[in-house]
Each structure stands twice: as structure tokens, then as C-alpha cells.
Amino acid sequence: MNTCDPPSQRPHHQVHGNVHGTLAQVDAVQGDLILHAPTPPGPRPPTPRQLPLAPAVHVNHTAALERMGAAVEHAHARGRSALIVLTGPAGIGKTALATRFLHQHPDLGADGHLLADLRGTATAPADPEEVLEFLLYSLGAPLGSSPRPPGACSAWWRSATAPLCIALLVDDAPCAAAVRALLPAGARSTVVVTARRPLAELRVDGALALTVPALGARDSLRVLTAVGQDHPTRTEDHRALEHISARCAGLPLALCAVAARHSTHPRPWAHTARTLNQETPMNPLDPAYADLPPDTAHTYRHLAWHPGPDITGRAVAMLTHPGHAPHPEDLAELAAARLLHEHAPGRYRLTDPDHARAAAQAGETQAERRQAQALFVGGWAMLAAAADRALRPYAHEHPTDREAARQIFPDAAHANAWLFEERENLAALSALALELSLVGEAVRLVEGMWPMVLHQGQDHLWLRAARPALDALQDSAPALRARLLQKCALALSHLRRDQEALTDLNEAELIWTDLDDRPRLAQTLQRRGIIAYEAGHPAEAVTHLERALAADEHTGADHHRGITLFQLGRALLALGEVLPARTRLEHALQLLQGDAYNSARARIALGEVLVRLDQHEPALQELNAARDAMVEHGSLSGQAQAMEGIGVFSEACGHPDGARRAYNTALELLELLAPADPVRQRVRARLDRMEAR
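Residues numbered from 1 in each chain as written. Predicted model: local features only at pLDDT ≥ 70, side-chain atom pairs only at ≥ 80, totals over all residues. Heavy atoms only, no water.

Some points on unusual backbone geometry
- The backbone of Arg119 sits at a positive phi, close to 50°, despite the residue not being glycine.
- Mapped onto the fold, Arg119 is located in the loop between strand E2 (113–117) and helix H3 (128–138).
- For Asp614, which is not glycine, the phi dihedral falls at a positive 60°.
- Note on placement: Asp614 falls in the loop between helix H28 (596–612) and helix H29 (616–633).
- Asp614 gets classed as exposed once you look at its relative accessible area, which sits at 61%. (Helix = DSSP H or I, 4+ residues; strand = E, 2+ residues; numbered from the N terminus. Buried < 20%, exposed > 50% of the residue type's maximum accessible area, 1.4 Å probe, protein only.)

Listed below in C-alpha cells is the structure:
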């Protein structure tokens, strides 16, 4: 929903559409023209405090902590951000040491404590661009939807951090390049990196490289007794603890695993030592794994093949094999054994993915591995398709499909929340499906993820999953390929990558023409109109949308006509043709009955039309009805658009304070979405215009 800006004093120099960054309009320049891009505007959210909790059991790393403190002081005194790299094997306590140091020096993060988990040793490492987007978003930078070529996010990050004093923990870094892209500018920030291998290249950037040492005997005993909740009282227990400490080689993870196992089976330390002595652990987690019940060990091995970053009870429930019925309770048992850690309520990660994969490779055949992976892919594809049916019932013709979706997701809000929580898992599983040559399942996953673009602004993530699936289709399924191309075009248009979007639409149109599919050809015209509108060319949008409407007259696709009429109404409104816009929008509402989401979008546009006609009471009724529908649908983006409309209404009624409240509420809703959501910049611009008056 766009409103027309006041006319320029120089009407022959006009700019249409959304402008991001620095704009200069000049007739002639004498001398030098120097432009300075402003700092990205926007209200700062609460100071981020994202660090994990400091470890409850403190061990003696005095020398390392002192060296880290001295390195920070030295770097800051030279006018540079401090960089410390902690390396060592899995289980040595790198993250615990980094977290403890940063918690001991809270002043290092006066403007924020940030966490970037790069998942360098996981099957699905973090996407660098998305990590940067999250960090920028955490500092309140409104990225909007401007095109971002490689390196642009890093440059923006350096600009945003130049005046700040932040502490950044970069966990599980895969390489020096990944760290270098995250280094802040300025002279007061501190970055602590953890990695399994030495990142010697970062010494060029002034890094202090520390190898985290194993615990000494005294600290090992402290960990065993504190976590095991059992202090020795007999001489043989003291000797047993010394033996256990030696077997665990001073690795905190191994010590915690043995101590946790001891605490769940109360018995003398000597018994635990004898049990451990009978084992030949190749990894700190081997003792805990060896003590698992067979069914739980089976679950653990199969979770190793899950490619996503998070594991939930629903994931475990999908691993249905003959003779084995896994349960979500397995997760609690694996967490108690320290083989998983619960990083958010009900969401787990493998403590050491390498250990899990080694156990799986030793205990499972290649056929069993493929079967487990196929179960993951198929199960998630089924859930994604059900979520899509719950959110877009109009796109699925069969009532039985919609009823099946309701059995899984009781309403649209639940489906939308699940897609948001599982977005990284879904992207990773679509890639796994292609590795397994399960192209059809990859496409089901990608199409099931489509509401993430409509409701959450997850265009980058969706395209990351969709492009490989599109390439895998080639010419084997032209209709399916064209359908994906049209979706890609819309996602690309949200990111202002309009030329790429039009290229995809051109290919889709050729396919629909070859197939003589008139309804899809009409849809392609509709998408061209949407892209033109989003790019700030409403007159061009009207041309495409009227052609789409004419094509729709011969297809009988009433729902599709309703969407086209809604889009046409918005474009006419942007051109100032208020009464024709009202006619199209009211007709759209008649055709969109049963589609709560798109009806609400049409009501938002109709509300603005009524504001323009000074019909304030019916305008507010439409906007409130749209907001309530978006709340029920679980669409944060839709709620934000409704609040934006209420802000426009309040401005027109002469209530600037109410407008500010509505716009700020919209921004608060948008902060939960991907930074690329196109509504964010527009709402921010409205607030800026109000403040400039």
C-alpha cells in the first residue's frame, strides 16, 4: 500500500517508487559533488544481550583470561577492535571460556552483546549473508529490500558498528574468511572467535590466537563433583575420581558426560570408574553414548543424518522403523546424557555432530542411513505441504487435503508459526532431498515454504532453497518448473532484483504458451503487474493487470480474478484514481470470500481509498477488520500492513500521535521478520516524513 508523496517543486525531475540509500537530483554541478551516505535510520531496539549464560561451574583458566584481557586493552589502546581466537578440539570448553570472559567484562559490550553461531562443523553451516542480516537487524538497521551484491552487507555492518562498543562471540567458525566478514569497525569493539582448527590467517588482522588447554587434575575433580552432585567421602572414591579425571584427559565435555551419567545412577564413584575402565572411549561423549538404552541410542544415531540445525520432538517422531518406535522423550534422555543441548524450549542441537555421525556410521548401514534421511525429507515435505494448505486453502482444490492439514495445524496461525520456527531445517532438508535425487520431495518442500515469503519476508532463505530445486527440474516437468519460476519472480521483486524477476517470468511465459495454459498465462501477466507496482511504476502495473483481467474473463478462475482486481485497485490508488480503485477493490472482495488473508489485504487498500474520500468511519471499520483477520491468520507482515493503514488514517484525521503509535506498532511487528520485508522501509519513511514536518 503506497500513498503519493507531495508533488516536487521541480516536477520535471521526479523519482517514482522506493528509494534506498543516497539520492541526488541536479541540473548542473560546478566543482566537486561529494555525497556522504547517512547512517541507516531507524529506532534502536533494546540493547541486545545474546550471549549464552556463563558456565555454572568455574574452572581455573586464569592465565588464558589474563591474556585475553591484556589483548583487548592493547588493541583498544591502538584504536582497533580487539580480536581473540580460541581453538581446540570438541569438548575442550572454547565457548564456555569465551562466554565467561565476556560476562566478566560487561563493559566491552556497552552497545550490545551479540552472538553469531556459524555452525562451521555442522552439516548445514550458517549462511554468511543471513548471519550479517541478523546482526544488523539486532542493532536496529532497517535493511529494507534494496539489492545487496556480495560484500554489501559487510560494508553496511562496518558502517553500523563504527561508532559502537559491542562484544561479538563468533562461535564454531569454519574459516578465517567467514570471521573476517563479521569484523566490526571502530576502536572499541571486541570479537571472540571459537574454532576447532587454528585460524592463523586472522593474525594479519591482529588476532590473539589461544589454544584452550585441558583442565588440570584439581579443576577436573571440581567439575566431576559439582555436576555429579556427589562429593567423595572415602579414600577409594578419591582414587576413583583421579582415575576418571585421567581417562577424560581434562576435557570438560567428557567430564560432564561421565558426571551426568553418575548422577542419574547413584552409586559409588569407584563403580563409575570401573565401568569407565571397561570402555575404550574414542571421543569424550562415548561413555554417555555407551550407557544409552538401545532404542535411545538408535534415535541418536539417526538424528546424525538430520541436516538442519535444530531437532524437535516432531523430528524424532518421524523416525518410524520396524521394531522401533522413537518418542520425543528420547530427546530429554539424550540431553541428560549431554549428547544434545536444549538451546531453546523444545529445540535441541547435537553437542558434537562429528560424534553422532561417527556413531551412526559405525552402527548403521548405508541403506539404513538413506532410509533415515528419506524419512526426514518425506516427513518434513508432508508437514510443509500441510502448512501451505492451512495458510493458502484457496490454492488447494481438494477438501480432503484441507481437512488433512487441519489435523496437523488447527489454524493458519499455528502453521505460520511452525514454518517460521523450522525455516532453517526446511531449507537444509530441501538441499538434502536433492542430494538423494528426491527432486519431487525437494519441490514439495520449497512449495510448502512459500507462505514464508508471503507472511514473513523470508525471500532470501526461500530463494536459497528454491533455486537448486529449479535447476534440478530442467525440462523434466515444465509446468512445475514454470510454477516455481513465477514464485521466484515474486520473491526477487521483493528484493528489488527486478531484472532477474522479469527473466524468470519470460521463461515461465514461454512454457505456459507452449502448454497452451491460459489461466497460467493470465497469472504471469498478473505477476508482471505486481513487479511493476512494487518497483514504483503504477501506470505500467495497470497495463499488465488489465490485460491479466481480460485474460481471466475466459478462464473462470474467480479467485485469481479477485487477486488481479485487488492488485489493480492498489495500482489505481497510487495513480490517484480513487473511485476506479474503490470499484475494483469492492469487486475483489466479492470474489475473495473464503480467502481471509487476501480479503484482508484488499480491505487495507479499501480503507485507504475511503480515507481519501473522507469516509473515515467505514475506513476504520475496514482497517480494523483487516487487522483482526491478519492476527487470526498469524501473518505478522499482514498485521504490520494493517497498522500502517491505521497510521495513514490517523494522519488524515489530524491525529499525529495516533499515527506515530500505529507506525511504531507496525515496526515492532516487522522486527520479528526477515530484514528484507518490503513494508519495513515504507513504514520507516512515513515516520521520518512526520518527524521532518
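Quick word on the pairing of strand E1 (residues 82–87)
- In terms of residue burial, E1 counts as a mostly covered element, since six of its six residues are buried.
- Both faces of E1 are covered, namely the face carrying Ala82, Ile84 and Leu86 and the face carrying Leu83, Val85 and Thr87.
- As paired strands, E1 and strand E5 (residues 208–211) are joined by four bridges and run parallel to one another. Residue pairing for E5: Thr87 is matched across the bridge by Thr211. (Pairing = 2+ DSSP bridges.)

Quick look at the packing of aromatic side chains
- Within this structure, the stated rule accounts for four aromatic pairs.
- Centre to centre, the rings of Tyr289 and Tyr300 are 5.6 Å apart; their planes meet at 45°, and the pair counts as tilted. Of this pair, Tyr289 sits in helix H10 (residues 286–290) while Tyr300 sits in helix H11 (residues 294–303), placing them eleven residues apart in sequence.
- For Tyr300, a relative accessible area of 0% translates into the label buried.
- For the ring pair Phe409 and Trp418, a centre distance of 5.5 Å and an interplane angle of 50° mean the geometry is tilted.
- Assessed through its relative accessible area of 3%, Phe409 is described here as buried.
- Exposure remark for Trp418: the relative accessible area of 7% places this residue in the buried category.
- Lying across the ring of Phe420, Arg423 places its NZ or CZ 4.1 Å from the centre.
- Here the basic side chain of Lys487 rests over the ring of Trp450, its NZ or CZ set 5.7 Å away from the ring centre. (Phe/Tyr/Trp six-rings, centres within 6.5 Å; stacked < 30°, edge-to-face > 60°. Lys NZ or Arg CZ within 6 Å of the ring centre and 35° of its normal.)

Quick word on the packing of helix H1 (residues 62–77) against helix H2 (residues 94–104)
- H2 packs onto H1 with a crossing angle of 55° between their chain directions and a minimal axis gap of 11 Å. By the criterion of interaxial angle, the relationship of H1 to H2 is oblique. The handedness of the crossing between H1 and H2 comes out as right-handed. Side by side, H1 and H2 meet where Ala64, Leu65, Met68, Gly69 and Val72 of the first sit next to Leu97, Arg100, Phe101 and Gln104 of the second. (Axes fitted to C-alpha atoms, helices over the stretch in contact; angles between N-to-C directions. Parallel < 35°, antiparallel > 145°, perpendicular 65-115°, else oblique. Left-handed = near helix turned anticlockwise from the far one by under 90°. Contact = heavy atoms within 4.5 Å.)

Observations concerning the side chain of Thr194
- The topology assignment puts Thr194 in strand E4 (residues 190–195).
- Thr194 sits in the buried class, given a relative accessible area of 2%.
- Once residues within four sequence positions are removed from consideration, Thr194 is found in contact with Leu86, Lys94, Thr95, Ala98, Leu169, Val170, Asp171, Asp172 and Ala173.

Brief notes about the nonpolar core
- Membership of the largest hydrophobic core comes to 132 residues, with the highest contact counts inside it found for Tyr300, Leu339, Trp380, Leu426 and Trp462.
- Looking at which element gives the most residues to this core, the answer is helix H15 (residues 366–391), with eleven residues.
- By size, the runner-up hydrophobic cluster in this structure holds 41 residues, among which are Val223, Cys248, Val258 and Leu276. (Core = buried A, V, L, I, M, F, W, Y, C linked by side-chain atoms within 4.5 Å.)

Remarks on the sheet that holds E5
- Within the open sheet, the five strands sit side by side as E2-E3-E4-E1-E5. Their pairing is parallel. Two strands close off the open sheet at either side, each with one partner strand: E2 and E5. This sheet shows a mean twist of 15° between the axes of neighbouring strands, independent of strand direction.
- Bridging between strand E3 (residues 167–171) and E4 involves four bridges; their strand directions are parallel. Paired with Leu169 across the strands is Val192, a residue of E4.
- Each of E1, E4 and E5 is contacted by H1, which is oriented at about 155° to E1, the strand it contacts most.

A few points about the environment of Ser154
- The residue Ser154 is located in helix H4 (residues 152–161) in this model.
- In this structure Ser154 touches Leu132 and Ala181, once residues within four positions along its chain are discounted.
- There is a polar contact of 3.4 Å between the side chain of Ser154 and the backbone oxygen of Ala181. (Polar contact = N/O pair within 3.5 Å; in protein donor to acceptor, adjacent residues only side chain to side chain.)

Observations regarding the packing of H15 against helix H19 (residues 439–448)
- Here H15 crosses H19 at 35°, and the two axes come no closer than 8 Å. Here H15 runs over H19; the crossing is left-handed. Of the residues in H19, those touching H15 at Val377, Gly378, Trp380, Ala381, Met382, Ala384, Ala385 and Asp388 are Glu441, Arg444, Leu445, Glu447 and Gly448.
- Split into classes, the residues belonging to the contact of H15 with H19 amount to seven nonpolar, two polar and four charged. (Nonpolar A, V, L, I, M, F, W, Y, C, P; charged D, E, K, R; others polar.)

Focus on the environment of His494
- You can see His494 is positioned in helix H22 (residues 478–494).
- On a C-alpha basis, the gap between His494 and Glu534 in space is 7.4 Å, while along the polypeptide they are 40 residues apart.

What to know about the pattern of salt bridges
- Applying the stated criterion to the full structure yields 31 salt bridges.
- As a salt-bridge pair, Arg196 and Asp352 come within 3.3 Å of each other at their nearest N and O atoms. With Arg196 in the loop between E4 and E5 and Asp352 in the loop between strand E7 (347–350) and helix H14 (353–363), this residue pair connects regions lying 156 residues apart in the sequence.
- Assessed through its relative accessible area of 27%, Arg196 is described here as partly exposed.
- Two residues, Glu447 and Lys487, come together in a salt bridge whose shortest N-O distance is 3.5 Å. One end of the pair, Glu447, is in helix H19; the other, Lys487, is in helix H22, with 40 residues separating them in the sequence. (Salt bridge = Lys/Arg side-chain N within 4 Å of Asp/Glu carboxyl O.)

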